[in-house]
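This is what each chain is made of:
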Amino acid sequence: MRNDRRGDRLADLAASLYLLVANSGTIPTYRRCNAESIIDVTFHRTRPPFVLRGWKVLEEAESASDHNYLQFRLDKDVAIEENPERLRGWSYRRLNSDALAAHLATAPLPRADEHTSTDEAAQQLTEYLASACDACMPPRRNPASGRRQVHWWNAGIKTLHEDCAKLRRKYQRACRRHETPDLIKLSRAAHAGKRKDLRNAVRTSQEKSWSELCAAVDSDPWGLPYKVVTKRIGSRRSGIEARGRESEIADHLFPNPPQIDWSLEPPPLEQDDDGPPALEWTLEELRDASTRLPPCKAPGPDGIPNEFLAKVAVLRPLSLLKTYNSCLAHSTFPS
């Protein structure tokens with residue numbers, strides 16, 4: 001594509017549709033007696049594990065046209081086909097407080113003393129918290145693949161849709177087999193009646209679901225109503241509006257730091273290895289820090305939510321306090 005106005009519009013269109021260009025090389029795809037050009041562009045949008053490879057122009061093949069044949073293949077990438085390891089996690093909204101209290105009352109505390117390294121203490125604490133999560137919370141559900149059902153879909157509509165499809169196939173088979181006119185008429189009437197029931201059920205479910213969405217806007221403004229409306233509006237791919245303003249945006253996000261006069265900085269303090277040890281964390285400090293953990297935030301690699309840590313700090317604070325003081329005593333942070 002050329003770097004002109006038309007080329008920029010085509011590039012914006014491809015970017016907004018998440019399209020990739022498969023063309024490679026400089027061999028022309030269009031050729032006649034007095035001109036040649038790479039006018040044929042192959043766009044693709046494949047999904048894992050399929051990848052497009054081997055795109056090339058077949059110059060030797062006769063196409064009986066000014067355009068040359070193009071060749072490519074769709075392969076399965078073994079590295080992509082293997083399911084990647086998902087981050088573990090649990091559904092905190094379905095936490096069973098009684099099961100958590102019962103598990104913490106019987107589970108042994110992680111061992112953290114002067115003979116335990118920082119990494120070992122952190123690993124034991126992570127396993128202790130993970131076992132407690134397994135005992136009181138179901139695992140977090142992985143995002144569903146494929147198309148998601150609409151908000152008004154239900155089991156009754158699904159049953160009617162399946163019955164309507166069966167009657168349609170029965171009516172089509174009767175027509176192909178040249179059955180008697182009475183049988184064809186009966187099959188058509190059965191299909192038309194079931195299709196009418198399906199339309200009425202869909203219309204009723206849509207009206208009911210839309211009323212529920214309107215009522216839920218005030219209580220949950222960023223939930224399903226917001227997703228339904230923004231999906232209808234559509235969105236452009238991020239970054240198109242910022243084209244040509246990259247330097248301005250980078251300067252605004254990362255301004256130049258002020259000049260520092262290092263001659264005014266005080267000299268570093270000399271550390272005494274034989275000095276007094278650092279003060280250990282207390283229960284009051286641990287409980288105060290746990291109350292300031294922000295809720296409804298994405299967990300870290302261990303998948304343990306902040307709300308769960310706050311509950312453990314109240315029920316079994318020593319499990320956390322021993323590991324934290326072990327890190328403080330060794331003056332190291334677990335890797």
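Residues numbered from 1 in each chain as written. Predicted model: local features only at pLDDT ≥ 70, side-chain atom pairs only at ≥ 80, totals over all residues. Heavy atoms only, no water.

(A) Quick look at the overall build of the protein. The helix and strand tally for the protein stands at 11 helices and 6 strands. Per-residue burial for the protein yields a buried fraction of 22% across its 335 residues. Long-range pairs, those at least 24 residues apart, make up 67% of the contacts in the protein with a sequence separation of at least 6. In the structure as shown, the protein presents an accessible area of about 26,300 Å², 53% of it carried by carbon and sulfur atoms. (Helix = DSSP H or I, 4+ residues; strand = E, 2+ residues; numbered from the N terminus. Buried < 20%, exposed > 50% of the residue type's maximum accessible area, 1.4 Å probe, protein only. Contact = heavy atoms within 4.5 Å. Areas by Shrake-Rupley, 256 points an atom, 1.4 Å probe, with all protein chains shown as cover.)

(B) Region of the structure containing the layout of surface pockets. In this structure, the second largest pocket occupies an estimated 510 Å³ of space. If you go around the second largest pocket, you meet 20 residues; those closest to its centre are A122, L125, T126, Y324 and P334. Contributions of two or more residues to the lining of the second largest pocket are made by α4 (118–136), α10 (306–315) and α11 (317–330). For the lining of the second largest pocket, the element with the most residues is α4, which contributes 6 residues. Among the residues forming the lining of the second largest pocket, the class breakdown is 12 nonpolar, 6 polar and 2 charged. (1 Å grid on protein atoms, 1.4 Å probe; cavity = no way out; pocket = protein on both sides within 12 Å on 5 of 7 lines; lining within 4 Å. Points joined across faces, edges and corners; volume = space filled by probe spheres on them. Nonpolar A, V, L, I, M, F, W, Y, C, P; charged D, E, K, R; others polar.)

(C) Representation of the side chain of N68 within the structure. With respect to the secondary-structure elements, N68 resides in the loop between β5 (50–58) and β6 (69–76). For N68, a relative accessible area of 16% puts it in the buried group. Of note is the side chain of N68, whose polar atom sits 3.3 Å from the backbone oxygen of P28. (Polar contact = N/O pair within 3.5 Å; in protein donor to acceptor, adjacent residues only side chain to side chain.)

(D) Here's a closer look at unusual backbone geometry. Backbone geometry at A64 places phi at a positive 55 degrees, although glycine is not the residue there. One non-glycine residue with positive phi stands out, namely H178, at about 55 degrees. Note on placement: H178 falls in the loop between α5 (155–176) and α6 (181–215). According to the relative accessible area criterion, H178 is exposed, its value standing at 71%.

(E) Up close: α6. Relative to the 51 Å expected for 35 residues at 1.5 Å per residue, α6 spans 51 Å between its end C-alpha atoms, a close match to the ideal helical length. Three or more residues of α6 are buried, namely I184, S187, H191, L198, V202, S205, S209 and L213. (Expected span 1.5 Å × (residues − 1).)

(F) Inspection of the packing of aromatic side chains at higher detail. Per the counting criterion, the structure on display carries 1 aromatic pair. Consider the rings of W152 and W153, whose centres lie 6.2 Å apart with planes at 50 degrees: the pair is tilted. For W152, a relative accessible area of 18% corresponds to the buried category. (Phe/Tyr/Trp six-rings, centres within 6.5 Å; stacked < 30°, edge-to-face > 60°.)

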